[in-house]
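# Per-entry structural report
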Amino acid sequence: MTPKKFDLVIYLVAATFFMENLDGTVITTALPSMAKDFNVNPIDVASGITSYLLTLAILIPVSGWFSDRFGARRVFTLAIAIFTAASVLCGLSESLSMFIFSRVLQGVGGALMVPVGRSVVLRGTPKDGVIRAIALITWPGLIAPVLGPAIGGFIATYASWHWIFFINVPLGLIGILMSLSLLESDKELQRKPFDYLGFIFSGLALATLIYGLELSQHLEQNYLIVFALIFVSGLSAYFTYHHLRHCAHPLVDLKLLNIPTFAISIHAGLFFRSALSAVPFLMPLIFQLEFGMDPFSAGLMVLSIFIGNLAMKAATSPILHRFGFKPVMLINGVLSILSIIACALISPAMPIPIIFAVLFLNGVFRSMQFTSINTLGFADLSSEQISSASAITSASMQLSNTLGVALASLGLVIAHSFVSSQSATLTLKDFHLTLIFIALISLAGLVCLLKLPANAGQSIRKSQG
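Computed from a predicted structure; not experimentally measured.

## Let's talk about the overall build of the protein chain
A count of helical and extended segments in the protein chain gives 18 helices and zero strands. Here the protein chain has a C-alpha radius of gyration of 21 Å; the compact-globule value for 465 residues is 23 Å, and the two agree. Structurally, the protein chain occupies a C-alpha span of about 65 × 50 × 45 Å along its principal axes. For the protein chain, buried positions account for 57% of its 465 residues. Put simply, the protein chain shows about 19,000 Å² of open surface, and 70% of that area lies on carbon and sulfur atoms. Taken as two groups, the 25 positive and 20 negative side-chain charges of the protein chain have centres that lie 11 Å from each other.

So, in structure tokens, the structure goes:
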């Protein structure tokens, strides 16, 4: 495959990454409109978000086995087709039950689409091009959660919520055609038996954890169910770990965690992604509840994070090649923490240009940290290890995104209970304290990064010296 043709493959995978992440958040601002059409409460329509996330969590670990067994080209193309068909069904839904079914089907496509697409790119990328490839794949996924509420609010306000899903159709059809024309069929397929116990244990562990985290956003009403789900998740995770470590043909290869760069990227990534994912969730709430903005205007304000993400894209590879992973990630980690703390200083009295600058810098450091962590995880892996590594990474990313929202919600509940309980509604101080709490979570990620060897990632930057 020529370099120009392979670049098209990278852009294709990046587009599917954007689609999957966008559909996790795009309906948040359209919930009232959808609830009116379905004749239900808006909180009931939120189950469409939960069902999508749960399906992703359960099926992502299976993506590596499907890719190895049936071929990445075939599975990737089918995943895009399922996601696109499910998007049509979502847009045509006339009842909540049909919508939830369609969202589950959409999650099936999304769970296979991104991990398999990432493995296709990494298997065909030489070591010295991994940083650039991961950067191109990652940044659309970074901006999707930021753009989602604004896009959803715009479409719901000026068109109809149905078009939130119909816009996936032309993208999906183009993706299917590009996948069939650009990707080559796998010459050697692995005939490993399917690990049914690993699938059941891992699916139960991830599903109960993510559902528990979703319910924890309303902890006061659901605390018994949340604790029960977290307990089941922990027990299932123990059985999953024990089984995968001793199974002859595990669903995912946990021996990858013996590779320092991969293990640290997962551990540090969990903390940094959780913290940095909480900011796009909290800021629109601040702008609506404390600044009095409408949902669309609040979404536009948060677009400055997207601009920061975009501005950093071109500089990421040169910086990592020049200075190395460990120093860049440590320094940028500190700066990302400071940028979250700076968000805790935002108030209605602050000039709008200053607010834009704070959010822009948060986007810059967010982009650099995510791309560095995602790239480092694949630095020391062989081609045979990429499918399992991609599945583990995708599951970790999905978990951390959900954890970020759950921790932010929990922080608001705690802050309101202990600091401003005399107020019937959330106060600006509640949001500020929650942002400080979120920033402190990132410190655990910094501790993980301290364990990196000084030459971490050298194999994918040595040719750039």
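## Looking at the packing of helix α5 (residues 63-70) against helix α7 (residues 96-123)
Axis separation between α5 and α7 bottoms out at 9 Å; the angle between their running directions is 60°. Compared by their axis directions, α5 and α7 come out oblique. Seen from above, α5 lies across α7 with right-handed handedness. Touching S63, F66, S67 and D68 of α5 are A111, L112, P115, V116, S119 and R123, all from α7. Split by residue class, the contact of α5 with α7 holds five nonpolar, three polar and two charged.

## Notes on the packing of helix α13 (residues 260-289) against helix α15 (residues 325-343)
Two quantities define a packed helix pair, namely the angle between the axes and the distance from one axis to the other. The N-to-C vectors of α13 and α15 enclose an angle of 25°; their axes lie 11 Å apart at closest approach. Accordingly, the angle class assigned to the pair α13 and α15 is roughly parallel. Considering the relative orientation of α13 and α15, their crossing is left-handed. Where α13 approaches α15, its residues F272, A275, L276, V279 and M283 are matched on the opposing element by G333, S336, I340 and C343.

## Considering the nonpolar core
Counting residues in hydrophobic clusters, the biggest one holds 141 residues, and the most contacted among them are I27, M34, F99, M283, F287, I438 and L449. With residues near it in sequence (within four places) discarded, F287 still touches G292, M293, A298, M301, V302, I355 and L359.

## Focus: the pattern of salt bridges
Inspection of every chain in the model, using the stated rule, returns two salt bridges. Across the pair D7 and R132 runs a salt bridge whose closest N-O atoms are separated by 3.2 Å. Here D7 is found in helix α1 (residues 3-25), whereas its partner R132 is found in helix α8 (residues 130-158), with 125 residues between them in sequence. Between R123 and D68 there is a salt bridge, and its shortest N-O distance comes to 3.0 Å. Taken together, the residues R123 in helix α7 and D68 in helix α5 connect sequence positions 55 residues apart.

## Topic: the environment of D195
One can find D195 in the loop between α10 (168-182) and α11 (196-215). Look at D195 and you get buried, because its relative accessible area is 5%. For the pair D195 and V252, spaced 57 residues apart in the sequence, the C-alpha separation amounts to 9.0 Å. Among residues more than four places away in sequence, those in contact with D195 are H243, L244, C247, H249, P250 and L251.

## Some remarks on the side chain of T208
As for its placement among the helices and strands, T208 is situated in helix α11. Exposure remark for T208: the relative accessible area of 10% places this residue in the buried category. Polar contacts involving the side chain of T208 include one to the main-chain carbonyl oxygen of A205, which spans 3.3 Å. Leave out the neighbours within four places in its chain, and T208 touches L229, V232 and S233.

## Let's talk about a nonpolar patch on the surface
Together, I331, V334, L335, L338, I341, I436, L440 and L443 give the surface a local cluster of nonpolar side chains, amounting to about 650 Å² of exposed area. Take L443: it is sitting in helix α18 (residues 428-449). Given the relative accessible area of 40%, L443 is considered partly exposed.

## Examining unusual backbone geometry
Positive phi, close to 60°, is recorded for N39, a residue that is not glycine. Within the secondary structure layout, N39 lies in the loop between α2 (31-38) and α3 (42-45). N39 sits in the exposed class, given a relative accessible area of 71%.

The rules behind each value
- Residues numbered from 1 in each chain as written.
- Predicted model: local features only at pLDDT ≥ 70, side-chain atom pairs only at ≥ 80, totals over all residues.
- Heavy atoms only, no water.
- Helix = DSSP H or I, 4+ residues; strand = E, 2+ residues; numbered from the N terminus.
- Rg over C-alpha atoms; globule rule 2.2 N^0.38 Å.
- Buried < 20%, exposed > 50% of the residue type's maximum accessible area, 1.4 Å probe, protein only.
- Areas by Shrake-Rupley, 256 points an atom, 1.4 Å probe, with all protein chains shown as cover.
- Lys, Arg positive; Asp, Glu negative; His and termini not counted.
- Charge placed at Lys NZ, Arg CZ, Asp CG, Glu CD.
- Axes fitted to C-alpha atoms, helices over the stretch in contact; angles between N-to-C directions.
- Parallel < 35°, antiparallel > 145°, perpendicular 65-115°, else oblique.
- Left-handed = near helix turned anticlockwise from the far one by under 90°.
- Contact = heavy atoms within 4.5 Å.
- Nonpolar A, V, L, I, M, F, W, Y, C, P; charged D, E, K, R; others polar.
- Core = buried A, V, L, I, M, F, W, Y, C linked by side-chain atoms within 4.5 Å.
- Salt bridge = Lys/Arg side-chain N within 4 Å of Asp/Glu carboxyl O.
- Polar contact = N/O pair within 3.5 Å; in protein donor to acceptor, adjacent residues only side chain to side chain.
- Patch = residues over 30% accessible without salt bridge, like charges linked within 9 Å, V, L, I, M, F, W, Y side chains within 5 Å.

So yeah, pure geometry; function would need other evidence.
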